[in-house]
Amino acid sequence: MTSRFQIGETDFLLDGEPHRIISGAMHYFRVHPDLWRDRLRTAKLMGLNAIETYVAWNAHEPVQGEWNAAGGLDLGRFLDLVAEEGLHAIVRPGPYICAEWHNGGLPTWLTADTDMKLRSSDPRYLAAVTSFLDRINAIVAPRQIDRDGSVILVQIENEYGAYGADKAYLAELIRLTRAAGITVPLTQVDQPIPHMLEGGAHEGLHKTGSFGSRIGERLATLREHQPTGPLMCMEFWCGWFDHWGEKHHTTTFADAARDLDELLAAGASVNIYMVHGGTNFGLTNGANDSGRYLPLVTSYDYDSPITESGDITSKFRAFRDVIAKHAPVPDEPLPEPVDAPVLQVALESVGDPLPLVATDRGQFDTPPTLDELGPDLVLAEYAASVDIDRTRVLDADVRDYAWVSVDSRPVGILQRTVGDLALALPAGRRLRLLVEETGRVNYDTKIGEPKGLVGDVRLDGEPLAGPWHVRTFDVPALGRAVADAAVATPVAGGRAAGPVGLRAAFDLDASADLFLDTAGWGKGFAWVNGFFLGRYWRRGPQRTLYVPGPVTRAGRNEVVIVELEALTDATARFVARPDLGHEVE
């Protein structure tokens, strides 16, 4: 049945009656599509009446002009499921989303243009954005509540006041959105800091806030800048994200529940960020850089009420109790956690898989960045002839991690995260750097920064002359190459130096969620049955990788890893519960 959703003088209005939104964030692109309905139903059990999602442009269009909205990217199906479960939907298409997602959701083919001014009324940027928004709005428009769909709000841009104040840009996004048939109210979001709220403001947008504490103070500031209409916390931060090398972030559920209660008692609407975080599968983790570059882990659990694997938590129960004080909650049994199958199997080696997927990019006078070589490249080898007859000091702007060898002998690692970008080299004739991009910055002005080797590589402070021979490696293809290799052999002593591809077969009685333990491994990538789980790294805090049940099957299954560094235990172990880790290396 069609309905009408509006912004009134003091409230949201559903068919003319006051309506409070109690929503939770869940990103369809971070959840296996066969699990969407399960996660939506669990969220509804907590008492939610809406689900919010970002739209990740770079997931839908990783190569310019090659659009994908199928399978795990079928936004239309996700919104239809939201409606089928009796929930409303809030859509936040950006085009910039942050979300701790690589490049803040912007495609690398877009940000490779260093002359383009991002998130602005630059005509070239707007031309690309127009194409994207037209495609997304064609999915969203027929699914609005006034067309018997689920969508009640659409957000314009994201936290724009923290970045810029180009009103012509915002006006054009609003025009494009309305011209595409979006009729529901349009919102903006910023932290309740005056200059941010005003920088991202436009007369066509309703202001909302993002915060997780000091509720009264933040609502008061928001009200000063949005004097009429409902107050809404569009991102009620109930947890936080993890960087590699840090402790796993948690929030006390009682504190978070108290803040939620205060927010609802004030009459505000809310979107809990995140109600279910999901996973940065594949190579999709972002990074932050506020003076130090910090890439994010594969898990996006976020200490959410619903865990990465779909279990409910003490925070879930506490939030449900709070919501029940202010709105109806379903009177249904809550699901109980189920332990995953526990097993282990010895990994076998197929040797170095990099040559199997290498693309020769030719020779260059100076090292090209990955962005100059093509979109979404993550792994590249730079090689040059040298004449080192004594110990020399190598230094380079590596983005973000490089294994260095001289005459095929490993000599050390350069890593941006810890600021270790210089290394003593022994005598030799051939220098190689295997460079990994470990996550693209998702916030502030370093979005779109170039990756790979940036600028000159120097020996004792002097630029190293080329030519540089460059090869790139398709990481998803690495998993397929290891799985398809004709011969695999046991790993002597359980230890192996990377790069090395390893695989093992294991049996399951039935399809089931799994947790792959990465203890004893160094740094690399993992797959199960060809599904790219993501990155692992001995640095922690994450120790297990979540394997969604739908990618497994009864009978024979296969795990594949590509170890880039070294492992001390060539065993694939699957454990009963996840371990996101609490210790820092």
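In this numbering scheme, every chain counts its residues from 1 along its sequence in written order. Under the rules for a predicted model, residues below a pLDDT of 70 receive no local features and side-chain atom pairs below 80 are neither given nor counted, while totals for whole chains, interfaces and linings still include all residues. Excluded from the side-chain calculation are hydrogens and water; included are all heavy atoms of the structure.

Caption draft 1: Broad picture of the overall build of the protein chain. When helices and strands are tallied, the protein chain shows 13 helices and 38 strands. As defined in this context, the radius of gyration uses C-alpha atoms, and a globule is described by 2.2 Å times the residue total to the power 0.38. Relative to a compact globule of 585 residues, whose C-alpha radius of gyration would be 25 Å, the protein chain shows 25 Å and is just as compact. Projected onto its principal axes, the C-alpha coordinates of the protein chain cover approximately 80 × 55 × 40 Å. Throughout this description, buried means an accessible area under 20% of the type-specific maximum (1.4 Å probe, protein chains only), exposed means over 50%, and partly exposed covers the range between. Taking all 585 residues of the protein chain together, 60% fall into the buried category. Residue burial considers only the protein chains on display, and all accessible areas are found by Shrake-Rupley using a 1.4 Å probe. Surface exposure of the protein chain reaches about 21,400 Å², of which carbon and sulfur atoms provide 50%. A positive count includes Lys and Arg, and a negative count includes Asp and Glu. His and the chain ends are not counted in either. Every charge is mapped to an atom, namely NZ of Lys, CZ of Arg, CG of Asp or CD of Glu. Seen as two clouds, the 55 positive and the 81 negative side-chain charges of the protein chain have centres 1 Å apart. Under the scheme used here, helices are H or I runs from DSSP no shorter than 4 residues and strands are E runs no shorter than 2 residues, and both carry numbers assigned from the N terminus.

Caption draft 2: Focus on helix H6 (residues 167-179). End to end, H6 covers 18 Å across 13 residues, agreeing with the expected 18 Å (1.5 Å per residue, within 8%). Considered for burial, the residues of H6 that qualify are Tyr 169, Leu 170, Glu 172, Leu 173, Ile 174, Leu 176 and Thr 177. Contacts: residue pairs with any heavy atoms within 4.5 Å of one another. For H6, the secondary structure elements touched by its buried residues are helix H5 (123-140), strand S7 (151-155), strand S8 (186-190) and helix H7 (194-199). Measuring from the backbone nitrogen of Ala 168 back to the side-chain oxygen at the start of H6 gives 3.1 Å, which picks out Asp 166 as the cap. Positive phi appears at Gly 181, one or two residues downstream of H6, with a value of about 95 degrees. The span one expects for a helix is its residue count, reduced by one, times 1.5 Å. In protein, a polar contact requires one atom able to donate a hydrogen and another able to accept it; more generally it is a pair of N or O atoms within 3.5 Å, and residues adjacent in sequence count only if both atoms are side-chain atoms.

Caption draft 3: Broad picture of the pattern of salt bridges. Any Lys or Arg side-chain nitrogen located within 4 Å of an Asp or Glu carboxyl oxygen qualifies as a salt bridge. In this structure the tally under the stated criterion is 38 salt bridges. In this structure, Arg 432 and Glu 381 form a salt bridge, with 3.9 Å as the shortest nitrogen-oxygen distance. Of the two residues, Arg 432 sits in strand S23 (residues 428-436) while Glu 381 sits in strand S17 (residues 379-388), which places them 51 residues apart along the sequence. Using a relative accessible area of 14% as the deciding quantity, one classes Glu 381 as buried. For Glu 436, the salt bridge is made with Arg 535, and the minimal N-O distance between the two is 2.7 Å. Here Glu 436 is found in strand S23, whereas its partner Arg 535 is found in strand S34 (residues 531-537), with 99 residues between them in sequence. Among the charged side chains, a network of salt bridges with common partners joins Asp 289, Asp 400, Arg 416, Lys 446, Glu 449 and Lys 451.

Caption draft 4: Layout of the pairing of strand S4 (residues 22-25). Here S4 shows no split at all, with Ile 22 and Gly 24 on one side and Ser 23 and Ala 25 on the other all buried. Of the pairings in the sheet, the one linking S4 to strand S11 (residues 269-273) comprises 3 bridges and is parallel in character. Following the sheet pairing, Gly 24 is matched in S11 by Ile 272. Any two strands with at least two DSSP bridges between them are considered paired. With 3 bridges joining them, S4 and strand S5 (residues 50-54) adopt parallel strand pairing. Looking at the pairing, Ala 25 lines up with Glu 52 of S5. Assignment of crossover handedness uses the view with strands pointing away from the viewer, where a clockwise path from the first strand over the helix to the second indicates a right-handed crossover. At this point the chain moves from S4, through helix H1 (residues 36-45), to the parallel S5, and the crossover so formed is right-handed.

Caption draft 5: Region of interest: the pairing of strand S14 (residues 343-346). On S14, burial follows the alternation: Leu 343 and Val 345 on one face are buried, whereas Gln 344 and Ala 346 on the facing-out side are not. Inspection of the sheet shows S14 paired to strand S38 (residues 571-574) by 4 bridges, in the antiparallel sense. Paired with Val 345 across the two strands is Ala 572, which belongs to S38.

Caption draft 6: Region of the structure containing the packing of H5 against H6. Note on geometry: axes are C-alpha line fits, over the in-contact stretch for helices, and angles between N-to-C directions span 0 to 180 degrees. At a closest axis distance of 10 Å, the pairing of H5 and H6 adopts a crossing angle of 30 degrees. Taken as axis vectors, H5 and H6 run roughly parallel relative to one another. Seen from above, H5 lies across H6 with right-handed handedness. Each of Tyr 125, Leu 126, Val 129, Thr 130, Leu 133 and Asn 137 in H5 lies in contact with H6, whose residues at this interface are Tyr 169, Glu 172, Leu 173, Leu 176 and Thr 177. Of the residues assigned to the contact of H5 with H6, the class counts are 7 nonpolar, 3 polar and 1 charged. By the definition adopted for this analysis, an angle is roughly parallel if under 35 degrees, roughly antiparallel if over 145, roughly perpendicular if from 65 to 115, and oblique otherwise. In a left-handed crossing the near helix is turned counterclockwise from the far helix by less than a right angle, and in a right-handed crossing that turn is clockwise. Only Asp, Glu, Lys and Arg are considered charged, only Ala, Val, Leu, Ile, Met, Phe, Trp, Tyr, Cys and Pro nonpolar, and every remaining residue, Gly among them, polar.

Caption draft 7: The arrangement of the sheet that holds S14 in detail. One open sheet accounts for 4 strands, arranged S14-S38-S32-S35; its pairing is antiparallel. Single-partner strands in this sheet number two, and they are S14 and strand S35 (544-547). Going across the sheet, the axis of each strand differs from the next one's by a mean of 25 degrees, ignoring polarity.

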